[in-house]
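# Chains, contacts and geometry: an overview
So the chains spell out like this:
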Amino acid sequence: MKQKKVRVLIAKPGLDGHDRGAKVVARFLQENGYEVIYTGLHQSPEQIVNAALQEAVDAIGISVLSGSHNYVFPEVMKLLKERGMGDVVVFGGGTIPEEDIPPLLATGVKALFRPGTPLEEVLEFMKENVG
Amino acid sequence: MNYVEEALRGNQLAGARLIRLLEEGDPQGIEHLKALYPHTGRAFILGMTGPPGAGKSTLVDRIITELRRRDLKVGVVAVDPSSPFSGGAILGDRVRMQRHATDPGVFVRSMATRGHLGGLSRATGEAVLVLDAMGYDVILIETVGVGQDEVEIVDMAHTTAVVCLPGMGDDIQAMKAGILEIGDLFIVNKADRPGADEVVKQLQVMLEMRTAHDQDAWRPPVLKTVAVRNEGIAEVVDAFYTHRDHQERTGILAERKAKRQMHFFRELVKEMAAERIFGVAEGTDHYARMLVDLTARRLDPYTAAETLLDQTLGGGDPR
């Protein structure tokens, strides 16, 4: 019996405790048929990538509101490549200044959503890039 | 990547991807599992079950720590429900266990029930086999939050712990017909809350009724824990091993393992038989007519099922 489901890890790195955005996205994806693995707060890039590895996810969504995006995203991308998981789609959201976005996308991050992004846009992105 | 070789070497990426294949019912996954199978049967398989909010995940987290202290490698399969409407799921058991994410001696896999009833997912047993072959000494299965009927875990685990809470006195009355019968040990978690001792007492009374007739019977201990403060955890782990020793000594473990094999085998036959039967029938005119008659209630489902089986398995009247 074939039962294909898309699995997504939603992670919240760093020291800030603002996880509402992450939870809203997690719930929204669940309501649209995705299996969402939620890691909780204060995750290091190492923890995020190991969880993604053990859970065999198709995508990782990372919510950063602490200003540490320029560290977190490149580090996650680097670790994913090291572990042979270059095929995992990484996207993110949070308070990321406009000018920081292009260099992060250049590291392989597929999309970054800024505050105020309609949820439908995230769903469209998922359908197009993940499944 | 050679999944089998790499999984046997303990490669987590290979193990994870193999579990994913199995979860999706990929035939290639089954071929890999056949090759892994001779390397399974070594792990001590523990079940953790109980109502939602009892603290199962937090307990599992602390038990992992204790098992790691004893130098044992730990695999975890944590099951959460899928939404019956969207088919999606939020798997949040990891939140409590993420401290172990960077420990190579721990492997946590979350699974959604995907419509499977009984407290586990269809592929839970397969995931356990993979973790077993990968060399994890202990495999903890955390069921969905259960009430009465979700007792499939006993067919899977060697030792099952039922987690209860203080202040659920009446609930224990209600539970007695269901999950009370499956516990090899009982954990009253959040035992710093009022009412813990009453629940312990109630459980003990009911368990005495269960075992009073048999001298050699295992008497399930009732243990108090405060998982968030790490209290009572070593005692729980000790009790797991005391139960295992008892099961080994009395031959019950061998019996239970045999029963588990039979259960697994029978479930597989059922699943494969259904798949083959529908595989043959679907697309035929006769089957299409049968569905029309069923929908119109001209044909009852019993006769329809008998006819279908007779036609595919032989023995019936081939029309």
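Quick look at the structure, then. (Residues numbered from 1 in each chain as written. Chains lettered and ligands numbered in written order. Predicted model: local features only at pLDDT ≥ 70, side-chain atom pairs only at ≥ 80, totals over all residues. Heavy atoms only, no water.)

### Focus: the overall build of chain B
Counting its regular elements, chain B contains twelve helices and eight strands. Here the C-alpha radius of gyration of chain B, 22 Å, is about what a compact globule of 319 residues would show, namely 20 Å. The C-alpha extent of chain B, read off along each of the three principal axes, is 70 × 50 × 40 Å. A buried classification covers 51% of the 319 residues belonging to chain B. A fraction of 74% describes how many contacts in chain B between residues 6 or more apart in sequence connect residues 24 or more apart. Summing over all exposed atoms, chain B offers an accessible surface of approximately 15,200 Å²; the carbon and sulfur share of this is 54%. Counting 38 positive and 46 negative side-chain charges, chain B places the centres of these two groups 3 Å from one another. (Helix = DSSP H or I, 4+ residues; strand = E, 2+ residues; numbered from the N terminus. Rg over C-alpha atoms; globule rule 2.2 N^0.38 Å. Buried < 20%, exposed > 50% of the residue type's maximum accessible area, 1.4 Å probe, protein only. Contact = heavy atoms within 4.5 Å. Areas by Shrake-Rupley, 256 points an atom, 1.4 Å probe, with all protein chains shown as cover. Lys, Arg positive; Asp, Glu negative; His and termini not counted. Charge placed at Lys NZ, Arg CZ, Asp CG, Glu CD.)

### Some details on the packing of helix 11 (residues 285-295) of chain B against helix 12 (residues 301-313) of chain B
Residues and elements named next belong to chain B. As a packed pair, helix 11 and helix 12 sit with axes 10 Å apart at the nearest point and diverge in direction by 170 degrees. Comparing the axis directions of helix 11 and helix 12 gives the class roughly antiparallel. On the side of helix 11, the interface is formed by His286, Tyr287, Met290 and Leu294, while helix 12 contributes Pro301, Ala304, Thr307, Leu308 and Gln311. For the contact of helix 11 with helix 12, the residue count by class is six nonpolar, three polar and no charged. (Axes fitted to C-alpha atoms, helices over the stretch in contact; angles between N-to-C directions. Parallel < 35°, antiparallel > 145°, perpendicular 65-115°, else oblique. Nonpolar A, V, L, I, M, F, W, Y, C, P; charged D, E, K, R; others polar.)

### Describing the interface of chain A and chain B
The parts lose accessible area when they come together, and the size of an interface is often stated as this lost area. Every contact between the two is made by 35 residues of chain A and, on the other side, 33 residues of chain B. Where chain A meets chain B, there are six salt bridges. Put simply, Arg7 of chain A and Glu23 of chain B hold a salt bridge, and the shortest N to O gap is 3.8 Å. Applying the counting criterion to the chain A and chain B interface returns 21 residue pairs in polar contact (both at pLDDT 80 or more). Elements with a contribution of two residues or more to the side of chain A that touches chain B: helix 1 (20-31), strand 2 (35-38) and helix 2 (45-55) of chain A. Looking at the side of chain A that touches chain B, its residues break down into twelve nonpolar, eleven polar and twelve charged. Looking at chain direction, strand 2 of chain A and strand 3 (residues 89-91) of chain B are connected through three bridges and run parallel. Paired with Glu35 of chain A across the bridge in strand 3 of chain B is Ala89 of chain B. (Salt bridge = Lys/Arg side-chain N within 4 Å of Asp/Glu carboxyl O. Polar contact = N/O pair within 3.5 Å; in protein donor to acceptor, adjacent residues only side chain to side chain. Pairing = 2+ DSSP bridges.)

### Here we look at the packing of helix 10 (residues 252-281) of chain B against helix 12 of chain B
All names here are of chain B. For the pair helix 10 and helix 12, the least separation of the axes is 10 Å and the interaxial angle reads 85 degrees. Between helix 10 and helix 12, the crossing angle belongs to the class labelled roughly perpendicular. The residues of helix 12 that touch helix 10, namely those facing Ile277, Phe278, Val280 and Ala281, are Leu308, Leu309 and Thr312. Among the residues making up the contact of helix 10 with helix 12, the classes are represented as six nonpolar, one polar and no charged.

### Thoughts on the nonpolar core
Counting 79 residues, the largest nonpolar core has Met48, Ile63, Val76, Leu140 and Phe240 of chain B as its most contacted members. Sequence-distant contacts of Phe240 of chain B, that is, excluding residues within four places in its chain, are made with Phe44, Leu46, Met48, Ile63, Thr159, Ala161 and Leu185 of chain B. Counting residues in hydrophobic clusters, the runner-up holds 30 residues, among them Leu80 and Val90 of chain A together with Ala89 and Leu91 of chain B. (Core = buried A, V, L, I, M, F, W, Y, C linked by side-chain atoms within 4.5 Å.)

### A closer look at helix 10 of chain B
Residue and element names in this part refer to chain B. Its 30 residues place the ends of helix 10 43 Å apart at the C-alpha level, agreeing with the 44 Å of an ideal helix rising 1.5 Å per residue. Among the residues making up helix 10, those that are buried are Leu253, Arg256, Arg260, Ile277 and Ala281. One or two residues past the end of helix 10 sits Gly283, with phi positive at roughly 95 degrees. (Expected span 1.5 Å × (residues − 1).)

### Points about the side chain of Arg256 of chain B
Residues and elements named next belong to chain B. Positionally, Arg256 belongs in helix 10. The class for Arg256 is buried, based on a relative accessible area of 19%. Among all residues touching Arg256, those that are not within four sequence positions of it are Val154, Ala157, His158, Thr160, Asp184, His243 and Gln247.

### Things to note about the pairing of strand 1 (residues 44-49) of chain B
All names here are of chain B. Strand 1 sits mainly inside the fold: six of its six residues count as buried. What you see with strand 1 is no split at all: Phe44, Leu46 and Met48 on one side and Ile45, Gly47 and Thr49 on the other are buried throughout. Where strand 1 meets strand 5 (residues 138-142), five bridges bridge the pair, whose relative direction is parallel. Residue pairing across strands places Leu46 opposite Leu140, the latter belonging to strand 5.

### Digging into the sheet that holds strand 2 (residues 74-80) of chain B
All names here are of chain B. Pairing in this open sheet of seven strands is parallel, and the strands run 4-2-5-1-6-7-8 from one edge to the other. Each edge of the open sheet carries a strand with a single partner, namely strand 4 (106-112) and strand 8 (222-224). Across the sheet, the axes of successive neighbouring strands diverge by a mean angle of 20 degrees, strand direction being ignored. Helix 9 (residues 233-250) contacts strand 1, strand 5, strand 6 (159-164), strand 7 (185-188) and strand 8 of the sheet and is inclined by roughly 125 degrees relative to strand 1.

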